[in-house]
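Tertiary structure, described
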Amino acid sequence: FWLKWLWFLERFVLTTFVSEGVSAFVFMVMGVGAFFLSFWFVHVSASPCHDTYKDVLKPTRKSNAAVRPADVEQMYMEWCKKNMRVSSAKSMDEQCHPLAKKVADKMKFVPPEVVVTPEIACKGIEDLKKDYPDYVSTALAAEKEEDALTAKNKAIWERSKQAASSLNDHFTETLNSAYKSLQKDVKEKLEAIVLEAGATPHSEVLLQQFMEAVELGNKGIMTKIGQKKDTLFKSWLTEETRVQAQVETENARVAEL
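Right, let's walk through the structure included here. Just so it is clear, the model here is predicted, and its values are computed rather than measured. Once a new chain begins, its residue numbering starts again from 1 and follows that chain's sequence as written. pLDDT decides what is reported in this predicted model: residues at 70 or higher carry local features, side-chain atom pairs at 80 or more are listed and counted, and totals for whole chains, interfaces and linings draw on all residues regardless. With hydrogens and water stripped out, all remaining heavy atoms of the structure feed into the side-chain values.

1. Remarks on the overall build of the protein
Helix and strand assignments come from DSSP, with helices taken as H or I runs of at least 4 residues and strands as E runs of at least 2, each series counted from the N terminus. In terms of regular secondary structure, the protein is built from nine helices and zero strands. Traced from its N-terminal end to its C-terminal end, the protein shows the element sequence α-α-α-α-α-α-α-α-α. Each of the 257 residues in the protein was classed as buried or not, and the buried ones make up 22%. The contact criterion used throughout is that any non-hydrogen atoms of two residues lie within 4.5 Å. Put simply, of all contacts in the protein between residues at least 6 apart along the chain, 56% involve residues at least 24 apart. Surface accessibility follows the Shrake-Rupley procedure with a 1.4 Å probe radius. Residue values consider only the protein chains on display as shielding. Surface accessibility of the protein: about 18700 Å² in total, with carbon and sulfur atoms responsible for 61%. Type-normalised accessible area, obtained with a 1.4 Å probe on protein chains alone, sets the label of each residue: buried when under 20%, exposed when over 50%, and partly exposed for intermediate values.

Here you go:
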């Protein structure tokens, strides 16, 4: 739209002024001005990326501090969860996390002291490397360490899942056995109390509903244990790995003495 408007304006002015004998220099200046104005409208003002990050990086009421590279991932995550309008069975966190991760990957190549602007945030990794060439080696080294840590954490998680899985059948069997015993004891005690004066339609319904509640409670216990055991095993293995790393570091230090 703006390009067409500027083109028609330029044609009109040139046609009008030529008839008046205005110098070619004036035409050249106007043409160059029109070109740069159209460039500004197309590449700056109308940039969806620029508009997005202008909103993402907008200061909050809680803080008016300048935005640094380390802040951008979380700010983008919060913006995404508020503005994502895609119908999906996934949660907002699941949908937005990959997008925020891509932003974080770019920000690794921006020195930590730099104030991030929409122009910087819209650039790709290769452009950022060109803008901050002295920081590339530092960024790559940090990325390598992060990848190693991610791989290590993944290995820990896999070990924890295997350990939890090996005990899963045992947990299930033990809890099912305990539930059957509990169910039998509760039912016998309840029948002795409720049906003491004789069975009635109401007492039968009460007995059935109570036993359903017991069964539901057992399922809740099974679910809770299933959810917690993986996390507990991971915490245990993480701590074991940390202690082992300390031992290895100390052994290496002693060996150097």
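2. Examining the pattern of salt bridges
A carboxyl oxygen of Asp or Glu within 4 Å of a side-chain nitrogen of Lys or Arg is what we treat as a salt bridge. Applying the stated criterion to the full structure yields nine salt bridges. Linking aspartate 105 and lysine 101 is a salt bridge whose minimum nitrogen-to-oxygen distance equals 2.8 Å. Of this pair, aspartate 105 and lysine 101 both sit in helix α5 (residues 92-107), separated by four residues, roughly a single helical turn. Its relative accessible area of 33% is what places lysine 101 among the partly exposed residues. Put simply, aspartate 105 and lysine 108 hold a salt bridge, and the shortest N to O gap is 3.2 Å. The exposure class assigned to lysine 108 is buried, which follows from its relative accessible area of 18%. Linked by salt bridges that have partners in common, Lys101, Asp105, Lys108 and Glu146 make up one network.

3. Some thoughts on helix α4 (residues 69-83)
Multiply 1.5 Å by the residue count of a helix minus one, and that product is the helix's expected span. Between its first and last C-alpha, α4 extends 21 Å over 15 residues, near the 21 Å set by a 1.5 Å rise per residue. Among the residues of α4, Pro69, Val72, Met75, Tyr76, Met77, Trp79 and Cys80 are the ones counted as buried. Summarising the contacts, the buried residues of α4 are in contact with α3 (48-56) and α5.

4. Examining α3
His50, Tyr53 and Val56 are the residues of α3 that are buried. End-on view of α3: buried residues confined to an arc of 125°, all on one side of the axis. In α3, the exposed positions that point more than 90 degrees away from the buried face belong to Pro48 and Lys54. Here the arc refers to the directions that run from the helix axis out to each C-beta atom.

5. A few points about the side chain of lysine 106
Here lysine 106 shows up in helix α5. Aspartate 127 is the oppositely charged side chain nearest to the buried, salt-bridge-free lysine 106, at an N-O distance of 8.9 Å. Apart from the residues lying within four places of it in its own chain, the contact partners of lysine 106 are Tyr53, Ala121, Cys122, Lys123, Gly124, Ile125 and Leu128. Neither His nor the chain termini are counted; the positive set is Lys and Arg, and the negative set is Asp and Glu.

6. Description of the state of the cysteines
In this description, the term disulfide denotes a pair of cysteine sulfurs within 2.5 Å. Applying the stated rule across the entire model yields two disulfides. Across a sulfur-sulfur distance of 2.1 Å, cysteine 49 and cysteine 122 are joined as a disulfide pair. Classification of the bridge connecting cysteine 49 and cysteine 122 rests on its S-S torsion, roughly -115°, and on that basis the disulfide is left-handed. Here the residue cysteine 49 occupies a position in helix α3, and cysteine 122 occupies one in the loop between α6 (118-121) and α7 (125-131), the gap between them amounting to 73 residues. Taking relative accessible area as the criterion, cysteine 49 reaches 28% and is therefore assigned partly exposed. With a relative accessible area of 28%, cysteine 122 lands in the partly exposed category. Residue cysteine 80 pairs covalently with cysteine 96 via a disulfide, S to S 2.1 Å. Its S-S torsion of about -80° marks the bond between cysteine 80 and cysteine 96 as left-handed, since a negative value means left-handed. Placement of cysteine 80 in helix α4 and of cysteine 96 in helix α5 is noted, with a sequence separation of 16 residues between them. Taking the relative accessible area as the measure of exposure, cysteine 96 reaches 0% and is therefore buried. Take the cysteines of the protein that form disulfides and number them in order along the sequence; they join up as 1-4, 2-3.

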